[in-house]
Every structure is written in C-alpha cells, then in structure tokens.
Amino acid sequence: MKSTRRSFIQKTALFSGAFCLGFDWFQANGKEVSMVQTTMESGRFNAFLAIDPSGKIILYSPNPEIGQGIKTAFPVVVAEELDVDWKDVEVRQANLDTQNFERQLTGGSGALKHSWERLRKAGATARKMFIQAASQTWNVDASTCKTSKGFVLGPKGQKASYGSLVAIASKLPVPTEVTYKNRKDYQIIGKRTKGVDNKNVVTGKPVFGLDIEKPGMVIAQIIRPPFGATLKSFDAADALKMPGIVDVVSFKNKVAIVGKSTWEVMKARATVSCKYDSGDFDSDSTHQKWFDEGMKTDKATVQRKDGDFAAALARSAKVVEATYECPFISHSPMEPMNFFADVRADGTVLLAGPTQVPQSAQKAVASLLKIDEKKVEVELSKMGGGFGRRLNNDFALDAAELSSIIKKPVKVMWTREDDMGGGIYRPAARYHFKAGLDASGNMIAFYLRGVGINAGNATRQDNFPVGAIENVLVESVNQVSAVTTGPWRAPITNFLGYAEQAFLDEVAEAGGKDPVQMRLDWLARAKSNPVGKITYEPDRFIEVIKQAAEKSNWKKKPGVHQGFSVYFSHLSYVAQVADAQIVDGKAKITHVTAVTDCGEVVNLSGAENQIKGAIIDGMGHALYAKLRFNDGVASPTNFNGYRLIKGNEIPTINAYFVDNGIEPTGLGEPALPPTGGSIANALYAATKKRLYKQPFEV
Amino acid sequence: MSLDIDPNTPLLWALRDHMSLKGTKYGCGIAQCGACTVWVNGEATRSCVLPISAVANADITTIEGLSDHGDHPVQVAWDELDVPQCGYCQAGQIMTAASFLKKKPNPSKTEIVDGMSGNICRCGTYHRIQEAVKLASEIASKKKTKSTVKKSA
Ligand code: FES
Ligand code: FES
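Residues numbered from 1 in each chain as written. Chains lettered and ligands numbered in written order. Predicted model: local features only at pLDDT ≥ 70, side-chain atom pairs only at ≥ 80, totals over all residues. Heavy atoms only, no water.

1. Some details on helix α15 (residues 538-551) of chain A
Residues and elements named next belong to chain A. Relative to the 20 Å expected for 14 residues at 1.5 Å per residue, α15 spans 20 Å between its end C-alpha atoms, a close match to the ideal helical length. For α15, the full list of buried residues reads Pro538, Arg540, Phe541, Ile542, Val544, Ile545, Gln547, Ala548 and Ala549. Where α15 ends, the next residue or the one after it, Asn553, has phi of about 55°, a positive value. (Helix = DSSP H or I, 4+ residues; strand = E, 2+ residues; numbered from the N terminus. Expected span 1.5 Å × (residues − 1). Buried < 20%, exposed > 50% of the residue type's maximum accessible area, 1.4 Å probe, protein only.)

2. Some words on the sheet that holds strand β7 (residues 151-153) of chain A
Residue and element names in this part refer to chain A. An order of β6-β7-β8 is seen for the three strands of this open sheet, with the pairing classed as antiparallel. The sheet terminates laterally at β6 (146-148) and β8 (159-161), the two strands that pair on one side only. Neighbour-to-neighbour, the strand axes of this sheet turn through a mean angle of 30°, independent of strand direction. Bridge analysis of β6 against β7 gives three bridges, and the strand direction is antiparallel. Considered in β7, the bridge of Lys146 is made with Leu153. Contacts from helix α3 (residues 111-138) reach β6, β7 and β8 within the one sheet, and its direction differs from that of β7 by about 50°. (Pairing = 2+ DSSP bridges. Axes fitted to C-alpha atoms, helices over the stretch in contact; angles between N-to-C directions. Contact = heavy atoms within 4.5 Å.)

3. Notes on the interface of chain B and chain A
Each partner contributes residues to the interface: chain B has 46 residues there, and chain A has 61 residues. Overall, the association of chain B and chain A removes approximately 4400 Å² of surface from exposure, summing both partners, and the carbon and sulfur fraction of that is 56%. Here chain B and chain A share nine salt bridges between them. Between Lys194(A) and Glu80(B) there is a salt bridge, and its shortest N-O distance comes to 3.5 Å. For the pair chain B and chain A, the number of links is 29 residue pairs in polar contact (both at pLDDT 80 or more). For the side of chain B that touches chain A, the per-class residue count stands at 18 nonpolar, 17 polar and eleven charged. (Buried area = accessible area lost by both parts, 1.4 Å probe. Salt bridge = Lys/Arg side-chain N within 4 Å of Asp/Glu carboxyl O. Polar contact = N/O pair within 3.5 Å; in protein donor to acceptor, adjacent residues only side chain to side chain. Nonpolar A, V, L, I, M, F, W, Y, C, P; charged D, E, K, R; others polar.)

4. Comments concerning the pattern of salt bridges
All names here are of chain A. Here the structure, examined in full by the defined rule, presents 54 salt bridges over all chains. Glu81 serves as the salt-bridge partner of Arg120, at 3.8 Å between the closest nitrogen and oxygen. Pair noted here: Arg120 is in helix α3 and Glu81 is in helix α2 (residues 70-82), with a separation of 39 residues, a long-range link. For Arg120, a relative accessible area of 13% puts it in the buried group.

5. Points about the sheet that holds strand β17 (residues 349-353) of chain A
Residues and elements named next belong to chain A. Strand order across the open sheet formed by seven strands is β11-β12-β9-β19-β16-β17-β18, with mixed pairing between neighbours. Single-partner strands in this sheet number two, and they are β11 (245-251) and β18 (376-380). Within the sheet, the average angular offset between the axes of one strand and its neighbour, ignoring direction, is 20°. For β17 and β18, the ladder comprises five bridges, and the chain directions are parallel. Paired with Leu350 across the strands is Glu377, a residue of β18. Contacting β16 (338-343), β17 and β18, helix α10 (residues 358-369) crosses the sheet at an angle of about 150° to β18.

Here it is in structure tokens:
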C-alpha cells in the first residue's frame, strides 16, 4: 500500500502544551489533505492523536459505535504501533467531520479492513518522532534507541517519557517512512482489551441516543400509516386538550404528537384517530403470490452463467431440487429508533442521535430543508444496537422535518411498536435450487433462482461452490412492494446463506458424500482450475473447514448429530459445526464450533463477542422470527409476539480464529450467514426432517 | 422526593423524564425485555409497567444508585469479562443479576441461567452474562470473607 507523507499525516501547532498529530484515518491514497486544525474553542476536533506532557494519549474514534467494538479496536491498533501502555490511552467519540474523515460509518463490516494501514501508520509515525526527539537530546544515533510503554530508551540506559519529549517532537518534520512492529512483539493487538465504554455502561451513564436531552427540547411520537396507505384525515381534538401536549401536526402521511414528556405524549397519542384510504395493500397472501409468479417468469435476470446448465442437467444421473423460504423480519435493536433535531431560526441545524451513517443524515436533511450541508451539524451517540436498521435515516428526516414545522428542538421517540411496525425490514425471499449429479454423485450442474421482495438481487452469484462447478446458472427476480426493506446484518446472505448451506447438505446426501469432504474436493478444483472468476481464496476456505472438522470432532461424537456449513462474506471465512441432541424428545442445538479467518484478530475479547453474538443472532432469528402482513400492517409489533432468543435457549459456543497475520477483515457480520445452515443441517441429522422455511419453529 | 405528575406515569418515565436518571432503559414497555429493571424495596421490578402511584413510599434503587463508585461486584465482573456489546440492555441485566445474587449468593450454573433468562440481550451477550454472574458471586464472597476477618481481628 502506498501512502505519501502529505496525504497521511500532518502536524499541528501546539496548544496547551500538547503534541497533536492530526492523522487522517480515512484519507484515500494520493489525496492531499489540508493542514489539520485543532481548535479547542469550537469544541470540534479533527481526527487526531494527542499526547500531553503527563503522557496521556487521547484518540478520537470516528466511526459510530453500535456494539461491534470499533471504538476499542481502532485505538488498539494506534496504541500498539505508538508503543504505549493501553491504560494511558483515553478514547473519545468524534462527531461527524467530513473534512477530515472518510467512511465515517458503520456497515458492511468494513472499518478495520479500510483503516488498518492508516491506523498503524498513525501510531508508528508518532513513535518515530519521539525516538528522533530523544536521540537529538541525548546526542545518540536514533537507531540505537528503542521504545517501551510510552518511553524512549537510549543505549546507555537513558529513559524519557513521550510526554517529556512533546515539545521537541512536535517541532520535527514528519517522517516519510516508518517501520511497523513485528507481530510477535505485539503487546495489545491480539490480546483481550475491554470495551472502552464498559464503565459508562455498567454505571448507567446517559450515552445513548434515547438519553439525549437538550435545552428547550420537546418530545414527539409519530403515527405512521400502513405500508402503501395515504392519510385522509385525523382527529386530535382530545389530545390537544391533554396536559403537557404542545402540538399535533401532520406531514407526509404521518401525525406527530408533540409534548413535554414521554408519558404525556403516549397518553395523548392513544386518543388520536387516523383515517386512511383503502386499497389493495400488502398481505402475506400477496407475497406468496409474488413468489409463485417470480418462480415462473421467463424474465428473470441472469446473474451468472458458466457452461451449459440445462444440457448438464439433462445428462445428470440424479437431480436434487428444493425450495427454501425466509420471511420479512425486523431488526429490533434493543434501543428503539429515536433522533434529535433542532432546526433553528438562523438556518443552522443540529442533529444528534444514533445513526450508522451520519454523513448521509447530514446530506438528506440538508436536501430536505434545502440548505447547505455545512449548516447541518451531527453529533454521534452510542447506538443500542442497529443491525442495519440505522443505515436508513428515516428517523433523522422525521425529526428534522418536525422540528422545522414546530420550530422547536425535538427528540422523536419510537415506541417498540413503532419500531417493529414501521421497519426497514429484511426482505422476504424464496429460493429454488436444482443440482445435477453424475453417476458418482459429483455435482455437475447447479441452478439457483432467488425471488426477493424489495431485495434487489436476492442471490450472490459468485458464492462458493460457484467457481468449482462446471455448469452454473444463477438468476434473480425482484418483486416491488410498498413494504420498506433494507440491509439487515449480513444483507441477503443472512438468509441466502442458510438456504445454500442447507441445500448443499441435500446435495451431499444425494451424492453419498461427506459434507466436509465434498467441499474440500470442490475447493481443490476451484484452486487448481477455477470455473470462471472466483472471489474467494480457496486456501483460506480450506483451512477454516479443516480446523472446524478437527475441533468439532466431526462425526465422531456418539449421540450427537452434527451439521456443517461454511461461508465467505465481508472478506472473512467462517466454518461452523452445530451439534444437535435429543433433549426430552426434542432436537436441540447444544453446541456450535466456529472457526473464523478474519486475518489478524485485533481484540480477542471483542472478536469472540462478535462471533458468539452473530451465531446467537442467526440462530434466534432462524428459529423464531417472522413478521406477518395484513393490509399493509405488520404484526407482531412487540416482544410478546415476536420472539427473540433468550439466555436459556443458547448452545455453548467455541470460537476459534485462524492465526495467519493477514490484514484484518470484517467481523460484525461474517459469522451470521453460516448459522442458519449449520443448525438446519444438525437438526436434520437429528430428526431426518429438512427445514425448508424460516422460522424453523412456528 | 416528590413529583407533581400524573400518578399513572410508569416509574420508568418518571425516572427518565422527571428525575433525569437515564440509566434505566426503555425496550418494550410491556414487561417483556427487562431493560427497565430497577429495585423496588430491594426486589428487581420492571419499571415500564409500574405506575408511580404504586411506589409512593417505596425504596427505589436504579443502576445509578447500585454503588457509589461503580464497584458493585456485578459491575466489576461485567467490566472484567467485557460483557457489553452495544450495552443498552446491560443496566437491566445488572440490576437483575445483583438482586438475584442477594437471594442466591452461591448460585449453580442452572440457577444462573434460569435467574437471568427473563432479560433479553439482542446482541447475544448471554454467555458472558452468565459467566459474569458467577464471577460476581465469587468477588462478593471474597469481599465478605475479608470484612468478616477484619471485624473479628
Ligand atoms: S421496557 Fe420494561 S420490560 Fe421492556
Ligand atoms: S448488549 Fe446490546 S442488547 Fe445487550
């Protein structure tokens, strides 16, 4: 990777005795940045690393924290290369700063992959400057000096803290070339680092969006129409007379109840009645009809074609065919949607709250209000989960529009019912697979058609085993609906992964093959002689598969029924073996073994959390989650009807990581896609019943 | 402490909106998730469905009041084992765990699982929650031994 000095790092003037290196975490290669300014008085900093004379290091973490642990992982990398003691580091959340950050968002499990090199360079550059400062002071050659835990050590036992070297170091030119630590010398990377927000969380500090309180702020809740419906009229006469109610206004088919406190707004809201037009709005039966039509149409989009699928199928000795289906589901982060907006008379806007994409919130609000983006300031808050839901800024737009109408700072709060009933759901999809096997049980033809409802391309046409199979045809059909959909943790693959991995289990069985060996054979083929282009690295696939088979005692556990799956997504590889056992006459998933290759593990504690969390998430939703639609209205809308997995329903999980030192890749999502498949296959092994539909338990 | 608000106001919203105690969280409003768990007279209770009229003379403890310096054994264990992911459910989990441990200072694994399974964690931190309850019980019993020793000395 190339990175020039000027495009990477800039030194700033001293202020209050601190050494500030503005480092651009997100600067694209080759692009020049202007001098980084650190102006204390505005309260807004650019990305920077500051070391004050006491040796305290402050790192601003730009990406929104949603529970993926980025606010801990990023600074770990900088601190490692800077060579400081982790306990001397203080991490703060940066607000939206489009001038100095790129990719200041949470999504796609892409943050570490994107920033790894930039973070290392930021730390290593500063470290080098401290060495230079010390060597000048001691009049020794810089190459004879070392660093350790925030100190420079000289050849004759000299020792100076970074803090004491701040004044000199800050006047040095920024070095153009730096060397990185050898990974065997890592002190922090790869170890267990606790979340930097833990203390705030366990003591109940107001760090979430829902906790935001600003002077003069009112509270609002919004009644949203059924999907596809138009608001005809509403009656808020009673509500307006109720205590604490400030206003009831309508915009864009919605009715907002504005008041002084949450409870007063909730009570008043219950008295508001809304009338909508009637029409043929989405119901479950509509969706089934669209799936049927989508499966029959000759207008599907061809996503990938290798060889001649139809001819190969015709000459197959055996054909396996199956249909899989997944429903709409809600993200249901524990913190329901909420957002604060203050559209002020002077034309400026303050937005604050939980969003995965603050920059798009800024842009969308600026365009809604027809003002310059620079007038919109965005403060980031910690997010009580999101799982993709907070990639859609509908909540920020609602808050801004309402504030502009009522001319007051307002926090719009969604009840759980609003959140589940007014979602940007995971799209529903149906998949049809066909496999043609030759006389020896080898798959020679593979077909997939994915029909999604507002899913775009519901397939991922380059997914393994594509690349290892001679004749492939992958097609997609998108049916358009008024039900709003969007990315849900591991978009598309969160349900496609289950369907593919469950179908491949059928293929193995029909061909008389072991599911693990069958995949290893395909990967050998993909490696030596790939069919068309492949997007995965066969060797990395092979390694996670082999380790998972070994660590799970694949098919060597008496009384235990195992299911296998493996998936490549977000540039990481995860192989899983799920164990099912019959408990009280019922098949139950009791254990999951997961082997992950995400390259270098930056924070082992956080990494384990992501793997276990994603498996529990994938399992819970595969077992229980389903939203129904009736005339444009979703149900259920709260946890009494919409079942989330609980602590007494989880399997034990062993999470292993491949130790290969490759640049780190994503971890927030990759363990989820293989989960539905591993547990479906284990449950099949236990019951001999294939599970063709999520949720498995209805 | 007196509040001049509608007596039907759920304790959750009285705490959050009128007393500026935002540590107690809203998750469902219908006693299903446990995010709003506080102690009423020492008992873990879901504050989202409890009108303030019902707690007129009660002793209420929220996450903010669990310990003076964030050093209740449950809080220490939660940090030590790095339990939180997004963290939103954790105040409710901690209040549930701390109350559970008062009744069962040396719980078995099954008792911990049962005692903690009423609280939802959407991020799936359940394994570490269960491990942290165990650790908290160990921290608490060590503390107790220490203070007993001190007293008798
Ligand atoms: S908010 Fe009270 S139990 Fe969910
Ligand atoms: S830590 Fe996110 S909901 Fe529990």
